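This is what each chain is made of:
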Amino acid sequence: MTDQRSFARTVIALSLAVIACCALTFTIMLLAGSPAVQPQRVLDQDALARAVLNNVNSADFAEPPTIDDVSCPASIPVEAGREFKCKVNGVRDGNSSGLAWVKVKIEDDQGDLSLG
């Protein structure tokens, strides 16, 4: 009878030790900022629009475009190598198209861009 009780106590003690280890591991991962817990970073839309404006040729427009003329995809995750296009749709006349496309590539995980 005592052998059964000691066996049950041993099983319970081992189970509690495993649960404690799992809880400790989860807590450490949570505090260390595990990638699964961190929110996804996205590009700042205003900074992106200003960078695109600085890259367009003003000769394509009758009047210089403003930040309101820039249209880029929303909530772009910061991932190295990701490419997308932004559209600048401004005022046109007989000599200028009033439209420009700017190709944007995210160079690294810090959000550095190359525009072309």
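Data block above holds the structure.
Residues numbered from 1 in each chain as written. Predicted model: local features only at pLDDT ≥ 70, side-chain atom pairs only at ≥ 80, totals over all residues. Heavy atoms only, no water.

What follows concerns the environment of Asp108. Examined against the element boundaries, Asp108 turns out to sit in the loop between β3 (99-106) and β4 (113-115). Exposure remark for Asp108: the relative accessible area of 24% places this residue in the partly exposed category. Sequence-wise, Asp108 and Ala80 are 28 residues apart; in three dimensions their C-alpha atoms are separated by 4.3 Å. Not counting residues up to four positions away in its chain, the partners in contact with Asp108 are Val78 and Ala80. Among the polar contacts made by the side chain of Asp108, one reaches the main-chain amide nitrogen of Asp112 at a distance of 3.2 Å. (Helix = DSSP H or I, 4+ residues; strand = E, 2+ residues; numbered from the N terminus. Buried < 20%, exposed > 50% of the residue type's maximum accessible area, 1.4 Å probe, protein only. Contact = heavy atoms within 4.5 Å. Polar contact = N/O pair within 3.5 Å; in protein donor to acceptor, adjacent residues only side chain to side chain.)

Here we take up the nonpolar core. Ranked by size, the top nonpolar core spans 18 residues in total, and within it Leu48, Val52 and Phe84 carry the most contacts. Those elements that place two or more of their residues in this core are α2 (45-55), β2 (83-89) and β3. Setting aside chain neighbours within four positions, we find Val52 in contact with Val70, Cys72, Cys86, Val88, Val102, Val104 and Leu115. (Core = buried A, V, L, I, M, F, W, Y, C linked by side-chain atoms within 4.5 Å.)

Right, let's get into the pairing of β3. Consecutive residues of a regular strand have side chains that alternate between opposite faces of the sheet. Side chains Ala100, Val102, Val104 and Ile106 of β3 all project onto a buried face; the interleaved residues Leu99, Trp101, Lys103 and Lys105 project onto a face where none is buried. Where β2 meets β3, 7 bridges bridge the pair, whose relative direction is antiparallel. Pairing of Lys85 across the sheet is with Lys103, part of β3. Inspection of the sheet shows β3 paired to β4 by 3 bridges, in the antiparallel sense. (Pairing = 2+ DSSP bridges.)

One pass over the structure, following the stated rule, counts 1 disulfide. Paired by a disulfide, Cys72 and Cys86 hold their sulfur atoms 2.0 Å apart. Measuring handedness by torsion sign, the sulfur bridge of Cys72 and Cys86 sits at about 125° and is right-handed. One end of the pair, Cys72, is in the loop between β1 (70-71) and β2; the other, Cys86, is in strand β2, and 14 residues separate them in sequence. Its relative accessible area of 19% is what places Cys72 among the buried residues. Overall, the relative accessible area of 0% leaves Cys86 in the buried class. No disulfide involves Cys21; its sulfur sits 7.0 Å from the nearest other cysteine sulfur, which is in Cys22. (Disulfide = S-S within 2.5 Å.)

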